[in-house]
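Inside the fold
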Amino acid sequence: MELSSPFISLQKRKPYSCPTPDLSFSSSFSPFPLQIHFKNSKSTSPTSPKFRILAVAVDPKELPQNSPQRLLKELAERKKITSPKKKFPPKKFILKPPLDDARLAQRFLNSPQLSLKSFPLLSSCLPSSRLNNADKAWIDEFLLEAKQALGYPLEPSDQYGDDNPAKQFDTLLYLAFQHPSCERTNARHVRSGHSRLWFLGQYVLEFALAEYFLQRYPRESPAPMRERVFGLIGKRNLPQWIKAASLQNLVFQFDDMDRLVRKEREPPVKDAFIYGQFSDRSHLSLLGYRFLPVEPGLESVFWALFGAIYLCYGMPEVYRVLFEVFGMDPEHEDCQPKLRRQLEDVDYVSVEFEDKKISWQDVATYKPPEDALFAHPRLFRACVPPGMHRFRGNIWDYDSRPQVMQALGYPLVVTDRIPDITKARNIELGLGLQLCFLHPSKYKFEHPRFCYERLEYVGQKIQDIVMAERLLMKHLDAPGKWLQEKHRRILMNKFCGRYLRDKYLHRFIVYSEQVQDSYEHNRRLRNPATTAVQQAIHGLSYLVYGKPDVRRLMFEVFDFEQIQPKPVSRP
């Protein structure tokens, strides 16, 4: 490297003044010299305040590639680009000021959830705010396809009167198809509305199929029926039902679902999403999904769909869509239970079930007679065998039945046209209560239906759906996952048995002598039995008096929510 600094005088020097130098530096790396001129005609020293320095700026873009100035400039720009940016906290952690009382009250009053006073459950499942333009655009474009596949009229449901719950069907059907992976579920009212629908729909499906199989197979134990239900609405066979209803374009991204690998079309857990790579995105815009390698959760949409149908049209329409639209076949080979040792059933069944298998049309269109003894007479005959009359007048009937009926508040006051109907109902209610307290160890091996198992099955399902309806109406702003966890914690088996033991009803359960001795040595063994008896009582109350009596037992007698004051025991 050569460095030269020639000094050239730029002006005429005065005597007794310091020479003002003209400095010029040149480097062998660059042909462009850097010149610095010092001009000072009046100052006598370079340290004078009027000492001026002039520099010739060179554009770094014009510098050659190997120039040190250009390399330093690029290094400075690169440091500026790669410098870490200031990280802002996520929006969910940013505290927002709470709404004042007036705005909060106005938001609740304008919410559609408070618009229907005559249908509180339906109103609680509506979106928390009114649908916006994006929601209405999806309804105008794609809702007709869904309604046509389900067999509903294509006219807008807004044309119905205010006293018809089907007026809200378009809104609920729109929410049913908005899976969490959809872009529109970024809106809180859509995301929460969909999750609340599938929370209700899963219990509606299980209860509907339990009621159907109990009447179709009057001699069968609940274990094979649970397997049949799982085979019908389990994740394994759902794709073929969806394809039979021609809804695959609204639920799946694949044109041909048969090409889906099994692990790609089934979620790894019960309520997870369906994962899988896909190449054909022709139907992706139907639900507004982003271009992600994630398929919509089939079970979520399936459950939410039946939640909307149940709210608007009731349980008969649930059966029609299940068996007519989706084409579910209870005799399908994939829905058959496992082979097991069957106990010989020598007892009679009701005349309605002799040499006849009840179809879904019989269950959907059945209406009890005007002077029927029970709210659901045929389901009562399917769960309480006619042979229970042989237990009438035994020791339990005279000793334990009055105490149990007094603790449960039975019999209820019902005004009947004929007094004999009230008397017959009370007799059947007593026999049903005795069946609720019959442990399988007592008579099941000789008489398979003389135990509480079938009543326990229907009681468990009606208990689930009653608690789900209660939580939906009580927590209007809660999402479905939170309600699911709340539902699970309230109806845990250990709590159900504890509520029965708090009423001291567990001492009326009839066991075999061997089981009674084992329970005396280890009282924890009795806990599953007390849970089953408590659920059987709910099943019997639904069959005899209907769903309102189940609510009375759950929230007034047994106090499932634990909100009633407890008696204080004084020493």
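Residues numbered from 1 in each chain as written. Predicted model: local features only at pLDDT ≥ 70, side-chain atom pairs only at ≥ 80, totals over all residues. Heavy atoms only, no water.

**Focus: the overall build of the chain**
Scanning the chain from N- to C-terminus turns up 24 helices and five strands. Looking at the chain residue by residue over its 571 residues, the buried ones come to 47%. For the chain, contacts bridging at least 24 residues in sequence account for 68% of all contacts bridging at least 6. (Helix = DSSP H or I, 4+ residues; strand = E, 2+ residues; numbered from the N terminus. Buried < 20%, exposed > 50% of the residue type's maximum accessible area, 1.4 Å probe, protein only. Contact = heavy atoms within 4.5 Å.)

**Observations concerning the state of the cysteines**
Formally, a disulfide is one covalent bond, and it connects the sulfur atom of one cysteine to the sulfur atom of another. Inspection of every chain in the model, using the stated rule, returns zero disulfides. Here Cys-383 stays free of any disulfide, with the sulfur of Cys-436 as its closest cysteine sulfur at 9.9 Å. Residue classification places Cys-383 among the buried positions, given a relative accessible area of 2%. (Disulfide = S-S within 2.5 Å.)

**Structural notes on unusual backbone geometry**
Peptide bonds are trans in most cases, and residues, glycine excluded, mostly fall at negative phi. Cis geometry marks the peptide bond from Tyr-410 to Pro-411; its omega dihedral reads -5°. In this fold, Pro-411 is placed in the loop between helix 16 (401-408) and helix 17 (419-436). Backbone geometry places Asp-559, a non-glycine residue, at a positive phi of 55°. Mapping Asp-559 onto the fold places it in the segment after helix 24 (547-557). We note that Gln-562 has phi near 55°; this positive angle belongs to a residue other than glycine. Its location among the elements puts Gln-562 in the segment after helix 24. Using a relative accessible area of 38% as the deciding quantity, one classes Gln-562 as partly exposed.

**Some details on the confidence of the model for the chain**
Taken over all residues, the pLDDT of the chain has a mean of 80, while the share at 70 or more is 77%. Here residues 1-44 is modelled with pLDDT under 50, and outside its nearest four sequence neighbours on either side it reaches 62 contacts, counting other chains as well. Here residues 259-296 scores under 50 on pLDDT; set against residues more than four positions off or in separate chains, the count is 98 contacts. (pLDDT = per-residue confidence, 0-100.)

**Considerations on the packing of aromatic side chains**
Under the counting rule described, the total for this entry stands at 23 aromatic pairs. A centroid spacing of 5.3 Å and a plane angle of 45° characterise the contact between Tyr-212 and Phe-213, whose relative ring orientation is tilted. One exposure class covers both Tyr-212 and Phe-213, and it is buried. Here Phe-391 and Phe-450 contribute two aromatic rings whose centre-to-centre distance is 5.6 Å and whose plane-to-plane angle is 75°, an arrangement assigned as edge-to-face. Of the two residues, Phe-391 sits in the loop between helix 14 (377-383) and helix 15 (395-399) while Phe-450 sits in the loop between helix 18 (440-443) and helix 19 (453-474), which places them 59 residues apart along the sequence. Of the two residues examined, Phe-391 and Phe-450, each falls in the buried class. Within the aromatic cluster, the residues linked to one another by ring pairs are Tyr-212, Phe-213, Tyr-217, Phe-323 and Trp-360. Positioned above the aromatic ring of Tyr-152, the side-chain terminus of Arg-320 is 5.3 Å from the ring centre. The positively charged end of Arg-470 is found above the aromatic ring belonging to Phe-555, 4.1 Å away from the centroid. (Phe/Tyr/Trp six-rings, centres within 6.5 Å; stacked < 30°, edge-to-face > 60°. Lys NZ or Arg CZ within 6 Å of the ring centre and 35° of its normal.)

**Overview of the pattern of salt bridges**
Applying the stated criterion to the full structure yields 25 salt bridges. With a closest N to O distance of 2.9 Å, Glu-331 and Arg-216 form a salt bridge. A residue pair is termed long-range when its members are at least 10 positions apart, and Glu-331 in the loop between helix 12 (315-325) and helix 13 (360-365) and Arg-216 in helix 6 (residues 188-216) qualify at 115 residues. Among the residues examined, Glu-331 registers a relative accessible area of 35% and is labelled partly exposed. Arg-449 is the partner of Asp-345 in a salt bridge, and the nearest nitrogen-oxygen pair spans 2.7 Å. Residue Asp-345 is located in the loop between helix 12 and helix 13, and its partner Arg-449 is located in the loop between helix 18 and helix 19; the two are separated by 104 residues in the primary sequence. Arg-449 carries the same exposure label as Asp-345, and that label is buried. By sharing partners, the salt bridges in this structure join Arg-216, Glu-331 and Lys-357 into a single network. (Salt bridge = Lys/Arg side-chain N within 4 Å of Asp/Glu carboxyl O.)

**Some thoughts on the side chain of Arg-501**
Structurally, Arg-501 can be placed in helix 21 (residues 493-502). Put simply, Arg-501 is tucked away with no salt bridge, and the nearest opposite charge, on Asp-502, sits 6.4 Å away. In this structure the side chain of Arg-501 is engaged in a polar contact, spanning 2.9 Å, whose partner is the side chain of Thr-530. With near-sequence residues (within four places) excluded, Arg-501 lies in contact with Lys-494, His-506, Arg-526, Asn-527 and Thr-530. (Lys, Arg positive; Asp, Glu negative; His and termini not counted. Polar contact = N/O pair within 3.5 Å; in protein donor to acceptor, adjacent residues only side chain to side chain.)

**Some words on the nonpolar core**
Within the largest apolar cluster, 135 residues are counted, with the highest numbers of intra-cluster contacts made by Phe-302, Phe-326, Leu-408 and Phe-437. Among the elements that take part in this core, helix 6 stands out by supplying 15 residues, more than any other. When neighbours within four sequence positions are excluded, Phe-302 is seen to be in contact with Leu-205, Ile-233, Leu-238, Ile-242, Leu-322, Phe-326 and Met-328. (Core = buried A, V, L, I, M, F, W, Y, C linked by side-chain atoms within 4.5 Å.)

**Observations concerning a nonpolar patch on the surface**
Together, Leu-104, Phe-108, Leu-109 and Leu-114 line one region of the surface with nonpolar side chains, adding up to about 360 Å² of accessible area. Locating Leu-104 in the fold gives a position in helix 2 (residues 101-109). Its relative accessible area of 31% is what places Leu-104 among the partly exposed residues. (Patch = residues over 30% accessible without salt bridge, like charges linked within 9 Å, V, L, I, M, F, W, Y side chains within 5 Å. Areas by Shrake-Rupley, 256 points an atom, 1.4 Å probe, with all protein chains shown as cover.)

**Here we look at helix 4 (residues 133-150)**
Helix length check: helix 4 (18 residues) gives 25 Å between terminal C-alpha atoms against 26 Å at 1.5 Å per residue, within 8%. When the local axis directions of helix 4 are compared, the greatest deviation, roughly 50°, occurs at Phe-142. Burial in helix 4 covers these residues: Asp-135, Trp-138, Ile-139, Phe-142, Leu-143, Ala-146, Lys-147 and Leu-150. Where helix 4 begins, the side chain of Asn-132 points an oxygen toward the backbone nitrogen of Ala-134, at a separation of 3.3 Å. A positive phi of about 85° marks Gly-151, the residue just after helix 4. (Expected span 1.5 Å × (residues − 1). Bend = angle between axes of the 7 residues up to and from the residue.)

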